[in-house]
Amino acid sequence: MFYITGDTHGSFGRIQLFCKENKTKRKNDVMIITGDAGINYYMDIRDKEKKKKLRDIPITFFCVHGNHEQRPEELAAYKKIEFCGGTVYVEEEFPNILFAIDGEVYTFDGKEYLIVGGAYSVDKQYRMLRGYNWWDNEQPSEETKEHTEGICEALNWNIHGVITHTCPLKYEPIEV
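Residues numbered from 1 in each chain as written. Predicted model: local features only at pLDDT ≥ 70, side-chain atom pairs only at ≥ 80, totals over all residues. Heavy atoms only, no water.

(A) The arrangement of the overall build of the protein chain in detail. Secondary structure summary: the protein chain contains 4 helices and 9 strands in total. Going residue by residue from the N terminus, the α and β elements of the protein chain occur as β-α-β-α-β-β-β-β-β-β-α-α-β. In terms of C-alpha radius of gyration, the protein chain reaches 16 Å, essentially the compact-globule figure of 16 Å for 176 residues. With respect to the three principal axes, the spread of C-alpha positions in the protein chain is 45 × 40 × 40 Å. Counting across all 176 residues of the protein chain, residues that qualify as buried make up 44%. For the protein chain, long-range pairs separated by at least 24 residues make up 68% of all intrachain contacts whose partners lie at least 6 apart in sequence. Put simply, the protein chain shows about 10,300 Å² of open surface, and 51% of that area lies on carbon and sulfur atoms. Across the protein chain, the centroid of the 22 positively charged side chains sits 9 Å from that of the 29 negatively charged ones. (Helix = DSSP H or I, 4+ residues; strand = E, 2+ residues; numbered from the N terminus. Rg over C-alpha atoms; globule rule 2.2 N^0.38 Å. Buried < 20%, exposed > 50% of the residue type's maximum accessible area, 1.4 Å probe, protein only. Contact = heavy atoms within 4.5 Å. Areas by Shrake-Rupley, 256 points an atom, 1.4 Å probe, with all protein chains shown as cover. Lys, Arg positive; Asp, Glu negative; His and termini not counted. Charge placed at Lys NZ, Arg CZ, Asp CG, Glu CD.)

Here is the structure:
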């Protein structure tokens, strides 16, 4: 079974409760977090302690890169493995915490989804002034955008959907 949520920002209490109530199993169930999971934010022991706690939750975390966390490809501990028809980043010590790769296509419940993570931080100045983490590669690079478009063209733009952290600005909901 696949579940989806977003922006946990390091707080996983509601997911823990959800897994308990729904009797999830790590091998069968996947929680898709659409960015800002808060797992690679501090870049120190706090992240490792959080990952240790997540390792004990009976579900596989499939994380899309947000703008409030470091990209896993920048971190030496991550290696690539295959998952749901695509490639993901994983740390050996935490096999149930996976990070999607921008531009990859993954199959969930028999349907193909394109992943596009990252976003522009509207709070960049605020974060930098207060000494909070900010990364200059928070948005997909031009190379990643070109690669992603190439994947879409190769598939004749025939995919079930896109899983992303933030939609393009021209699609920003403004009716409320």
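(B) Inspection of the layout of surface pockets at higher detail. The space that makes up the largest pocket amounts to roughly 660 Å³. Of all elements in the fold, only β8 (111-116), α4 (142-154) and β9 (161-164) reach the threshold of two or more residues within the lining of the largest pocket. Here the lining of the largest pocket gets 5 residues from one element, more than from any other, and that element is α4. In terms of residue class, the lining of the largest pocket is built from 13 nonpolar, 7 polar and 3 charged. Of the pockets and cavities examined, the second largest pocket occupies roughly 330 Å³. (1 Å grid on protein atoms, 1.4 Å probe; cavity = no way out; pocket = protein on both sides within 12 Å on 5 of 7 lines; lining within 4 Å. Points joined across faces, edges and corners; volume = space filled by probe spheres on them. Nonpolar A, V, L, I, M, F, W, Y, C, P; charged D, E, K, R; others polar.)

(C) A look at the environment of Lys51. Residue placement: Lys51 occurs in helix α2 (residues 45-55). Between the alpha carbons of Lys51 and Gln125 there is a distance of 28 Å; along the sequence they are 74 residues apart. The residues contacting Lys51, other than those within four sequence positions of it, are Ile39, Asn40, Tyr78, Glu91, Phe94 and Ile97.

(D) Structural context of α2. For α2, the full list of buried residues reads Asp47, Lys51 and Leu54. On an axial view of α2, the arc spanned by its buried residues comes to 60 degrees, and they lie on one face. For α2, the exposed residues lying more than 90 degrees away from the buried face are Ile45 and Lys53. Tucked inside the fold, the buried residues of α2 contact β3 (60-63), β4 (78-83), β5 (86-91) and β6 (94-100). (Arc of directions from axis to C-beta.)

(E) Examining the sheet that holds β8 more closely. Ordered in space as β7-β8-β9, the 3 strands form an open sheet in which the pairing is mixed. Each edge of the sheet is formed by a strand with only one pairing partner; in this case those strands are β7 (105-108) and β9. Here the average twist between neighbouring strands, direction ignored, is 40 degrees. Examined bridge by bridge, β7 and β8 share 4 bridges and lie antiparallel to one another. Looking at β8, one finds that Phe108 is bridged to Lys111. (Pairing = 2+ DSSP bridges. Axes fitted to C-alpha atoms, helices over the stretch in contact; angles between N-to-C directions.)

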